[in-house]
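Spelled out, the chains give:
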Amino acid sequence: MKQEVQQLAGGLVVSCQPLPESPMNRPDIVVAMAAAAMQAGAAGLRIEGAEHVRLVRQALPDACITGIIKRDLTDSDVRITPFLEDVKSLASAGATIIAFDGTARGRPVSVQHLFQAVKQAGCLAMADCATLADGILAWDIGCDLVGTTLSGYTAETADQDMSAPDTLLISQLAQRGIRVMAEGRIRTPADAQRALTAGAFSVTVGSAITRIEHVTAWFGDALRELQTAEGG
Ligand SMILES: CC(=O)N[C@H](C=O)[C@@H](O)[C@H](O)[C@H](O)COP(=O)(O)O
């Protein structure tokens, strides 16, 4: 196994992706969040945008950085690293791992071609998948990591419980010997432990660590629910 992947074994990847409209969506804040996460013992980082990857790489030369580029396309629901040029710009910005959409949805560039481009660029490949079939396909073509990132975010997986991680998908992939990055709706340290117990190789957490808006809403909603229950 490549050393960069080994570095993530059993560890935490912190996704530092402020919401687009957030006051936290500033390059210096992304770099500060990444540095704080590494200082606190994160095994790696997930960073959106080539410029953010470049700045984080500059600040943290040894960090294992998973780079992605998100785009809102008019003709496809695929958002994460849809183009070959995205792969190139993430690689030249210093990404260690490049993650791309690994779902079966209509797309401008096939999963196979994205994978090849990542390898040509000398990076590790991670497929952000939604289903077991997506994950098996990505692993069979040679991806280094299969993420459960998109479970619940595609039409095919629309029945997924969006208040919890997809532990079933994690275990189904892991049982097939696939190196799984558990990602998506992991909100507590206990969730992260459950993901590893289910067979995940590593765990990525975003919102629960780096999105103040989401965490505030979770707490605020819980308090309001309690007030409503008591009041009613
Ligand atoms: C579905 C999608 O576009 N996921 C994105 C992928 O990079 C991010 O918005 C998520 O924050 C990330 O996957 C981590 O997940 P969570 O924030 O639930 O810990």
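Now for a quick tour of the structure.

About the criteria used
Residues numbered from 1 in each chain as written. Predicted model: local features only at pLDDT ≥ 70, side-chain atom pairs only at ≥ 80, totals over all residues. Heavy atoms only, no water. 1 Å grid on protein atoms, 1.4 Å probe; cavity = no way out; pocket = protein on both sides within 12 Å on 5 of 7 lines; lining within 4 Å. Points joined across faces, edges and corners; volume = space filled by probe spheres on them. Nonpolar A, V, L, I, M, F, W, Y, C, P; charged D, E, K, R; others polar. Buried < 20%, exposed > 50% of the residue type's maximum accessible area, 1.4 Å probe, protein only. Helix = DSSP H or I, 4+ residues; strand = E, 2+ residues; numbered from the N terminus. Arc of directions from axis to C-beta. Contact = heavy atoms within 4.5 Å. Near = heavy atom within 4 Å. Polar contact = N/O pair within 3.5 Å; in protein donor to acceptor, adjacent residues only side chain to side chain. Areas by Shrake-Rupley, 256 points an atom, 1.4 Å probe, with all protein chains shown as cover. Right-handed = clockwise from strand over helix to strand, strands pointing away. Pairing = 2+ DSSP bridges.

Considering all chains together, one arrives at one cavity of 30 Å³ or more under this definition. Space inside the largest cavity adds up to approximately 40 Å³. As for the largest cavity, its lining consists of T148, T149, S151, P165, D166, I170, E183, G184 and R185. By residue class, the composition of the lining of the largest cavity is two nonpolar, four polar and three charged.

This part takes up helix 4 (residues 84-93). Buried residues of helix 4: D86, V87, L90, A91 and A93, and no others. Considered in projection along helix 4, the buried side chains sweep an arc of 165° and stay on one side of the axis. Facing away from the buried side of helix 4, by more than 90 degrees, are the exposed residues E85, K88 and S92. In this structure, the buried side of helix 4 is in contact with helix 3 (50-59), strand 3 (65-68), strand 4 (97-101) and helix 5 (111-120). Once helix 4 ends, the next one or two residues include G94, with phi positive near 110°.

Glancing now at unusual backbone geometry. In this model, T81 sits at a positive phi of 50°, which is unusual for a non-glycine residue. Relative to the helices and strands, T81 is located in the loop between strand 3 and helix 4. On the basis of relative accessibility, which here comes to 0%, the residue T81 falls in the buried class. Phi at R185 is positive, roughly 65°, even though this residue is not glycine. Locating R185 in the fold gives a position in the loop between strand 7 (180-183) and helix 8 (189-197).

This next bit is on the environment of G199. Among the secondary structure elements, G199 is positioned in the loop between helix 8 and strand 8 (202-205). Exposure remark for G199: the relative accessible area of 34% places this residue in the partly exposed category.

So, about the site of the ligand. Around the ligand sit 15 residues in total, of which Q17, E183, R185, G206 and S207 are the nearest. Between the ligand and E183, the relevant distance is 2.5 Å, taken from an oxygen atom to a side-chain nitrogen or oxygen of the residue. In the environment of the ligand, an oxygen atom lies 2.9 Å from a nitrogen or oxygen atom belonging to the backbone of G206. When isolated, the ligand has an accessible area of 450 Å², and the protein chains bury 90% of it. Of the residues belonging to the shell around the ligand, the class tally is five nonpolar, five polar and five charged.

Among the secondary structure elements, E213 is positioned in helix 10 (residues 212-231). On the accessibility criterion, E213 (30% relative accessible area) is partly exposed.

Glancing now at the pairing of strand 7. Neither face of strand 7 is left uncovered, since the one carrying V180 and A182 and the one carrying M181 and E183 both have all their residues buried. For the handedness criterion, the β-α-β arrangement of strand 6 (residues 145-147), helix 7 (residues 167-175) and strand 7 is classed as right-handed. The pairing of strand 7 with strand 8 spans three bridges and is parallel. Paired with E183 across the bridge in strand 8 is T204. The β-α-β motif built from strand 7, the intervening helix 8 and the parallel element strand 8 has right-handed crossover chirality.

The values reported here are purely geometric and, on their own, carry no functional implication.
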